[in-house]
Amino acid sequence: MMKIKIGKIELKNPVMVASGTFGYAKEFEKLVNLKHLGAIITKTITLNPRQGNPMPRICETASGMLNAIGLQNEGIDDFIKEKMPYLSKIGVPIIISISGNNIDEFFILARRLNKIKAISGIELNISCPNIKCRGLVAQDKKETYEVVKAVRKTTSKTVITKLSPNVTDITEIAKAAEDAGSDAVSLVNTFLGMAIDVETGKSKLGNITGGLSGPCIKPIALRMVHEVSRNIDIPVIGMGGIMNAGDAIEFILAGATAIQVGTANFIEPGVSGKIIKGIEAYLKKHKIKKFQDIIGRTT
Amino acid sequence: MKDIKAKILSNKLVGRAYYKMALGAPYIARAAKPGQFVQIKCSDGLEPFLRRPFSIHRVNGSIEILYEVVGKGTEILAGKKQGDFVDVLGPLGTGFSLPLTSSLEPRAIIIAGGIGAAPLVYLAEELTKKKIKTIVLIGAKTKDAILCEKDFKKITREVYVSTDDGTYGCHGFVSRLFHNILKTTESRFETIVYVCGPNGMLKCIAEICAERSFECQVSLEEKMACGTGACLGCAVPTKSGNKLACKDGPVFNATSLSW
């Protein structure tokens, strides 16, 4: 009833866990039945290890949180050696989030991962707001096109491009990803934001700014999913403040073929399982035979 | 580690703005080790948004936490009644390592600063169960911030108190009390020091321990989002790179930290 396909990946349900909120899955093995998930997207990896940003890295806000982790990770070699063996055994589609400082790095990462059978897809994190560079790839349609094109050439895996909401027109970026051969787009990554401690006059984040996530961004994320899904032909994976099945269904009605649960994993680690059951119950209640029938129903 | 809907068995004011809450969480009680913590969802709604970490204060079939009301989360928690339910995730993190009962006679010195007493009562209980000689030093700014003195006294005879303002016990920082204790006690023991409190105090105690080559385990307090090692929000710089307070800690060997 809930089966869907994204690129070459067949998912038993549309509920994925978002990159950076679920570690490398092992962290959640006692809290979630991993086998029930639609797909797992791992914490972004880079070519070389990254120490990440200075503390403090997180800050609670009204109905959400800011984070400025800065893509801390041990690099692809460590990932393949230390994390892949466990991920390979889970038995659900594994999608690896990657980020590079330039096109070459994206290319090398994608090429290396292409050789690993247990990996179903790659999510291109061109939208992390917490790394220091000229601007985000996802803020420029030409750069987006070039990165996706380079990755597309080197991999036969499903390619998902993760978009930033910190743009004037997210649809043109989504179209660039589609034109370059991306199998799907996922949106949205976090909104660039900040919070200040009025006593010290300092930012509450070591990196000064960070990415805002949680229910506070949901209405904007939903609008973006609605807009993008109407203007491209590849599937849209929706995310941004999904805390329960109702939120997930909103994204699906707006036009998302699948959804990702992110920040909610921090607050209720078992929430993805509940969301899967909640969507099933909704479909039954409304006598909907196929999940596909409700995608984009809200016009 | 489990996420449990736990019944509040009691929630009592035990001092100025300090509360003790007992939670019916038998699984966590069975699995817990001294120095570990739980993440509690203080509110059913979205404010405050994140869970709050609390050290496991005591274990006896259920678990207890000792907390100070300092913000939105703890304020809501303080208003909870016996019979209410809260989501409790735990036990989390890496706690204290107990000394090996080897040929050398071990001696534990526990040093608590203010609310830092929270994880140390459970530790003292476990140490004395292992028949390890345990000395407890409690320090706080002022008299009404001295916590758990009675609890510690039930566990060991050697409990010493100091206050920064001299309103109770020895006058001065607990680090001075620590110095004095070291001067007046025998040194035939293999000493291991366990400390939890404000960062300045931890550093000071760690320095004294380093001078004397004592092992020193510090329990750090960091803001956290997930508590399970997924968000990487609670990074602690160490000599071997960033570690996580929620997973590798909250207890660290003082010599491993890059203060």
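This write-up is about the structure you can find in this document. (Residues numbered from 1 in each chain as written. Chains lettered and ligands numbered in written order. Predicted model: local features only at pLDDT ≥ 70, side-chain atom pairs only at ≥ 80, totals over all residues. Heavy atoms only, no water.)

Moving on to the pairing of strand S8 (residues 106-113) of chain B. All names here are of chain B. Of all eight residues in S8, eight are buried, a share of seventy percent or more. Side-chain alternation along S8 places Pro106, Ala108, Ile110 and Ala112 on one buried face and Arg107, Ile109, Ile111 and Gly113 on a second face that is also buried. Here S8 runs beside strand S12 (residues 190-196); their pairing, made up of seven bridges, is parallel. In the sheet register, Ala112 faces S12, and the bridge partner there is Cys196. Judged from the seven bridges that link them, S8 and strand S9 (residues 133-140) form a sheet pairing that is parallel. (Buried < 20%, exposed > 50% of the residue type's maximum accessible area, 1.4 Å probe, protein only. Helix = DSSP H or I, 4+ residues; strand = E, 2+ residues; numbered from the N terminus. Pairing = 2+ DSSP bridges.)

This paragraph deals with the side chain of Thr154 of chain A. All names here are of chain A. Residue position: Thr154 is located in helix H3 (residues 141-154). Its relative accessible area of 12% is what places Thr154 among the buried residues. With residues near it in sequence (within four places) discarded, Thr154 still touches Phe107, Ala110, Arg111 and Asn114. (Contact = heavy atoms within 4.5 Å.)

All right, on to the pattern of salt bridges then. Counted under the stated rule, the structure contains 21 salt bridges over all chains. In this structure, Lys218 of chain A and Glu250 of chain A form a salt bridge, with 2.6 Å as the shortest nitrogen-oxygen distance. Pair noted here: Lys218 of chain A is in helix H5 (residues 218-231) and Glu250 of chain A is in helix H6 (residues 245-254), with a separation of 32 residues, a long-range link. With a relative accessible area of 13%, Lys218 of chain A lands in the buried category. Linked by salt bridges that have partners in common, Lys20, Arg58, Glu125 and Asp151 of chain B make up one network. (Salt bridge = Lys/Arg side-chain N within 4 Å of Asp/Glu carboxyl O.)

On to the interface of chain B and chain A. Accessible area lost upon the coming together of the parts is a frequently used measure of interface size. Each side of the interface is counted separately: chain B has 28 residues, and chain A has 29 residues. In this assembly, chain B packs against chain A so that about 2,400 Å² is buried in total across both faces, 62% of it on carbon and sulfur atoms. Remark: the boundary between chain B and chain A carries one salt bridge. In this structure, Arg52 of chain B engages Glu60 of chain A in a salt bridge whose closest nitrogen and oxygen atoms are separated by 2.7 Å. Linking chain B to chain A there are seven residue pairs in polar contact (both at pLDDT 80 or more). The set of elements that each furnish at least two residues to the side of chain B that touches chain A consists of strand S1 (2-13) and strand S15 (241-244) of chain B. Residue composition of the side of chain B that touches chain A, grouped by class: 14 nonpolar, five polar and nine charged. (Buried area = accessible area lost by both parts, 1.4 Å probe. Polar contact = N/O pair within 3.5 Å; in protein donor to acceptor, adjacent residues only side chain to side chain. Nonpolar A, V, L, I, M, F, W, Y, C, P; charged D, E, K, R; others polar.)

Under the counting rule described, the total for this entry stands at five aromatic pairs over all chains. Taking 5.8 Å as the distance between ring centres and 50° as the angle between the ring planes, the aromatic pair formed by Tyr24 of chain A and Phe79 of chain A counts as tilted. Taken as a pair, Tyr24 of chain A in the loop between strand S3 (15-17) and strand S4 (39-41) and Phe79 of chain A in helix H1 (residues 76-90) lie far apart in primary sequence, 55 residues in all. As far as burial versus exposure is concerned, Tyr24 of chain A and Phe79 of chain A are alike and both buried. A ring pair is formed by Phe96 of chain B and Tyr194 of chain B, whose centres lie 5.4 Å apart and whose planes are at 90°; its orientation type is edge-to-face. In this pair, Phe96 of chain B sits in the loop between strand S7 (85-92) and S8 while Tyr194 of chain B sits in strand S12, placing the two residues 98 residues apart along the sequence. (Phe/Tyr/Trp six-rings, centres within 6.5 Å; stacked < 30°, edge-to-face > 60°.)

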